[in-house]
Amino acid sequence: MDFALQQLINGLTQGMVYALIALGYTMVYGIIELINFAHGEVFMVGAFAGLLAAGVMAASGAAGAAAGLPGILRFGAALLAAMAACGVLGLALERVAYRPLRRAPRLAPLITAIGASYFLQNAVMLALGSEQHPYPPLVADTAYVIGGARISLIQVLIVVIASGLMAGLTFFIGCTRPGRAMRACAQDREAAWLMGVNVDRIIAMTFVAGSVLAGAGGVLYGLRYGTVDFFMGYIVGIKAFTAAVLGGIGNVPGAMLGGLLLGVIEALGAGWGASEWKDVIAFGVLVAVLLVRPAGLLGRREAEKV
Amino acid sequence: MNLPRRGTLAAAAVLLLAAIPWLVPNEAILDVLTVAGLYVTLALSLNIIVGYAGLLNLGHAAFYAVGAYTYALLASPQHGIHLSPWLLFPLSGLTAGVAGFCLGLPVLRLGGDYLAIVTLGFGEILRITLNNLGKLTNGPNGVANVDHPSLFGRDFSVDVAPYFWLVWTLAVIVIIAMRRLEDSRIGRAWKAIREDELAAAAQGIPVTLLKLQAFALGAGIAGVCGACYAAKQGHVAPESFTFMESVTMLAMVVLGGLGTVAGPVLGAVTLSVLPYLLLGFETWRMLVFGAALVAMMLWRPQGLLGRRGGLAA
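Residues numbered from 1 in each chain as written. Chains lettered and ligands numbered in written order. Predicted model: local features only at pLDDT ≥ 70, side-chain atom pairs only at ≥ 80, totals over all residues.

Engineer: I tried to follow the overall build of chain A on my own but got confused; where do I start?
Structural biologist: Scanning chain A from N- to C-terminus turns up eleven helices and four strands. Its C-alpha atoms give chain A a radius of gyration of 19 Å, near enough to 19 Å, the size a compact globule of 306 residues would have. C-alpha extents for chain A along the principal axes are approximately 60 × 50 × 35 Å. Residue burial in chain A is summarised as follows: out of 306 residues, 51% are buried. In chain A, of all internal contacts separated by at least 6 residues, the share reaching a separation of at least 24 is 78%. (Helix = DSSP H or I, 4+ residues; strand = E, 2+ residues; numbered from the N terminus. Rg over C-alpha atoms; globule rule 2.2 N^0.38 Å. Buried ≥ 20, exposed ≤ 12 C-beta atoms within 10 Å, placed from the backbone. Contact = placed C-beta atoms within 7 Å.)

Listed below in structure tokens is the structure:
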């Protein structure tokens, strides 16, 4: 039982990270029906931005300037730096690779996304090297024991920060003016445009919001696993996309649910001695769910317009 | 252009192609061109599924893998089985085609992007399974010492030229078949489904059956390519059939022009030769490749040889 609880906790924290990234896929898909294949790379860049920010702070700390800065503040600063960097990256990606193709055939932006993905991976590799980079321990290595299971401080932070960000996003989409415009665009872009919504700006905002969340996910992932490399965005990106589809792509609560489920399923599968099969389990569940509920768990099947 | 002149041109092109191994004495360049030929066929096979039938397939490398492993397992010391390579080329196509059919059966009722993610999932499941089945497939190390084919008493061995001819013969056959298929009853039905599934069904087109045919045919051709790859390399491993491989094939089709014959051919040759032209850039190669991919798509969103409008794939 303790073991199951432990795996459940590990799975939930991993799932939180998946959910953060899945939100970016699902929001962009909801609004322009595009699979943003470069999103995994945004996550990777976020992890590295956090790493560099921590490095800068450590260097200035050694010089004595910020030596007194407590760890948790440095963690917060690194997190914010990563989120900001990813926001800018998301904005740039949308401008360069997607906006010019808004009226192009549907698969064209898919290819620019793949090109951008190659570009970002190799840019990071050339700038920082292809080796595994150890992540600076910004968070103390303490752990709490709850009911026989061990939960580390970083896991607590993952749960707190991810839940906070998701709550913030839900509030933003549900209760603010730009959020309402976003929902309007997702429902019918042309009608929203006719109602005076600046559609281009809303789409850019969607990219930025998704990228900011992915940036936070990158730092949290780096702290949890201790190392990052330029290729990490690939598999985590696929997993997060899977999570988004599992929950029903285009559906924000669905992405959260899908992320959590995927994390738990993986952790439980790995826990029972099948760690090399955990990806097969994850994709197998996805295929099974789609066959029973083709629009995902929370997705609604839209009637075909004739 | 009238027909005889077109025929003459085509014959001249084929002759020129056949003479390349003598004209290009450099083995490395010939190898690049051989790989390009393999990708031409792969891109055309994916084009059947994505370009004609309009089904987004993100796991095409899986069918390629099925073909390669069929060949490798039945013609190597791995299990001590050594069937004739010339039997295995069609057999690999058959197994991959059956795999495509079996995958298509449950998933084809899923629309657009859901189909894409299921094919992606299938590709990953297959690759990881090949990686984990230690006894059957020798795990991540893959199957080594795969038999090379021989013809008229000449062993293909590790030369490049025979494989060049083998691969490009297949490519030319598939190109001709595609030209014939494009405007046939089946080809027109595929395009009708792609443009408007409901209208096609209303016209009496058996939509599911035709989608299954597209899937099985595309998968089968990819399977034959896989067998050629196994025969040429003499070694297959799961790492050759990643998601990136599927994505590369898709990029070739979209870059060249979906739903055309010349498009995927040009796209495949461009994307398989370009990385070698960029060798001078050393480590910057893949960075430039990514940027070039973006630039080419921005320049011609409908693909290099694609027609404007229409294709909603």
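The discussion continues.
Engineer: Is there a simple way to explain the overall build of chain B in this structure?
Structural biologist: Tallying secondary structure elements over chain B gives 13 helices and four strands in all. Principal-axis analysis of the C-alpha atoms gives chain B an extent of 55 × 45 × 45 Å. A burial count over chain B gives 50% of its 313 residues as buried. Of the contacts formed within chain B by residues at least 6 apart in sequence, a portion of 78% connects residues at least 24 apart.

Engineer: Help me out: how do you make sense of the environment of Q7 of chain A in this one?
Structural biologist: All names here are of chain A. Mapping Q7 onto the fold places it in helix α1 (residues 2-32). Since 19 C-beta atoms lie within 10 Å of it, Q7 is described here as partly exposed. Not counting residues within four places of it along the chain, the set of residues in contact with Q7 comprises A267, L268 and G271.

Engineer: Looking at this model, I keep getting lost on unusual backbone geometry. Mind explaining?
Structural biologist: As a rule of thumb, non-glycine residues mostly have phi less than zero, and peptide bonds are mostly trans rather than cis. Positive phi outside glycine occurs at E33 of chain A, with the angle close to 50 degrees. Locating E33 of chain A in the fold gives a position in the loop between α1 and α2 (39-62).

Engineer: Where do I start with the interface of chain A and chain B in this structure?
Structural biologist: How large an interface is tends to be reported as the accessible area lost when its parts come together. Contacts between the two partners involve 36 residues from chain A and, on the opposite side, 35 residues from chain B. Elements with a minimum of two residues in the side of chain A that touches chain B: α4 (108-128), α9 (232-247) and α11 (278-292) of chain A. When residues of the side of chain A that touches chain B are assigned to their parent elements, the largest contribution, eleven residues, is made by α4 of chain A. When its residues are assigned to classes, the side of chain A that touches chain B shows 27 nonpolar, five polar and four charged. (Nonpolar A, V, L, I, M, F, W, Y, C, P; charged D, E, K, R; others polar.)

Engineer: I tried to follow the pairing of strand β3 (residues 149-152) of chain A on my own but got confused; where do I start?
Structural biologist: Remark: a regular strand shows side chains that alternate across the two faces of the sheet. Residues and elements named next belong to chain A. In this sheet, β3 lies alongside strand β2 (residues 143-146) in antiparallel orientation, the contact comprising four bridges. Within the sheet, the bridge partner assigned to V145 lies in β3 and is R150. As consecutive antiparallel partners, β2 and β3 are separated by two residues, and within that stretch G147 has a phi angle of approximately 55 degrees, a positive value. (Pairing = 2+ DSSP bridges.)

Engineer: What is the right way to look at the nonpolar core in this model?
Structural biologist: Soluble, globular proteins show a tendency: their nonpolar side chains are buried together. Core analysis: the largest hydrophobic core is formed by 204 residues, its most contacted members being A19, L20 and A82 of chain A. Not counting the four nearest positions on each side in its chain, L20 of chain A is found in contact with A162, L165, L213, A214, A216 and G217 of chain A. (Core = buried A, V, L, I, M, F, W, Y, C linked by C-beta atoms within 7 Å.)

Engineer: For this particular structure, what's the right way to read the packing of helix α3 (residues 71-98) of chain A against helix α8 (residues 199-225) of chain A?
Structural biologist: Think of two packed helices as two axes; the pair is described by the angle between the axes and how far apart they sit. Residue and element names in this part refer to chain A. Look at α3 against α8: their axes get within 7 Å of each other, and the N-to-C directions meet at 145 degrees. Two packed elements cross with a definite hand, and for α3 against α8 that hand is right-handed. Judged by residue contacts, A78, L79, A82, M83, A85, C86, G87, L89, G90, L91, L93 and E94 of α3 engage I203, A204, F207, V208, G210, S211, V212, A214, G215, A216, G218 and V219 from α8. For the contact of α3 with α8, a count of residues per class yields 17 nonpolar, six polar and one charged. (Axes fitted to C-alpha atoms, helices over the stretch in contact; angles between N-to-C directions. Left-handed = near helix turned anticlockwise from the far one by under 90°.)

Engineer: Would you mind showing me how to read the confidence of the model for chain B here?
Structural biologist: Predicted coordinates in areas of low pLDDT are best not read in detail. Overall, the prediction assigns chain B a mean pLDDT of 84, with 94% of residues at 70 or greater. Two numbers describe this predicted complex: its pTM, 0.83, and its ipTM, 0.78. (pLDDT = per-residue confidence, 0-100.)

Engineer: Even after reading the chapter, I still don't get the confidence of the model for chain A, so can you show me in this structure?
Structural biologist: Looking at chain A, the pLDDT average stands at 86 and 93% of residues meet or exceed 70. The secondary-structure element of chain A with the lowest mean pLDDT is α11 of chain A, recorded at 79, while α8 of chain A shows the highest, at 94.

Engineer: Which parts of the structure should I look at to understand α9 of chain A?
Structural biologist: Residues spaced three or four apart along an α-helix face the same direction, because each turn holds 3.6 residues. Residues and elements named next belong to chain A. With 16 residues, α9 should reach 22 Å at 1.5 Å per residue; the first-to-last C-alpha distance of 23 Å fits that figure. Most of α9 is tucked away, with 14 of its 16 residues classed as buried. Phi turns positive, to about 110 degrees, at G248, one or two residues after α9. (Expected span 1.5 Å × (residues − 1).)

Engineer: Sorry if this is basic, but what is going on with helix α10 (residues 252-271) of chain A here?
Structural biologist: An ideal rise of 1.5 Å per residue puts 28 Å on 20 residues; α10 of chain A measures up with 29 Å between its terminal C-alpha atoms. The element α10 of chain A is largely enclosed, with a buried count of 14 among its 20 residues.

Engineer: Looking at this model, I keep getting lost on the packing of helix α2 (residues 27-52) of chain B against helix α12 (residues 262-277) of chain B. Mind explaining?
Structural biologist: All names here are of chain B. At a minimum axis separation of 8 Å, α2 and α12 run at an interaxial angle of 145 degrees. In the packing of α2 onto α12, the handedness of the crossing is right-handed. Here V32, V35, A36, Y39, V40, A43, L44 and N47 of α2 lie close against α12, whose contacting residues are P264, V265, G267, A268, V269, S272, V273 and Y276. The class makeup of the residues in the contact of α2 with α12 is 13 nonpolar, three polar and no charged.

Engineer: I keep staring at the environment of V158 of chain B and nothing clicks. Help me out?
Structural biologist: Residues and elements named next belong to chain B. Here V158 lies in the loop between β4 (154-155) and α7 (161-182). The exposed category is assigned to V158, around which 11 C-beta atoms lie within 10 Å. With 16 residues separating them in the primary sequence, V158 and V174 have C-alpha atoms 25 Å apart.

Engineer: How should the environment of V143 of chain B be read in this particular structure?
Structural biologist: Following the sequence through the fold, V143 of chain B ends up in the loop between α6 (134-137) and β3 (150-151). Non-local contacts of V143 of chain B, meaning those with residues more than four positions away in its chain, are made with A72, L73, S76, Q78, T137, N138, H235 and V236 of chain B.

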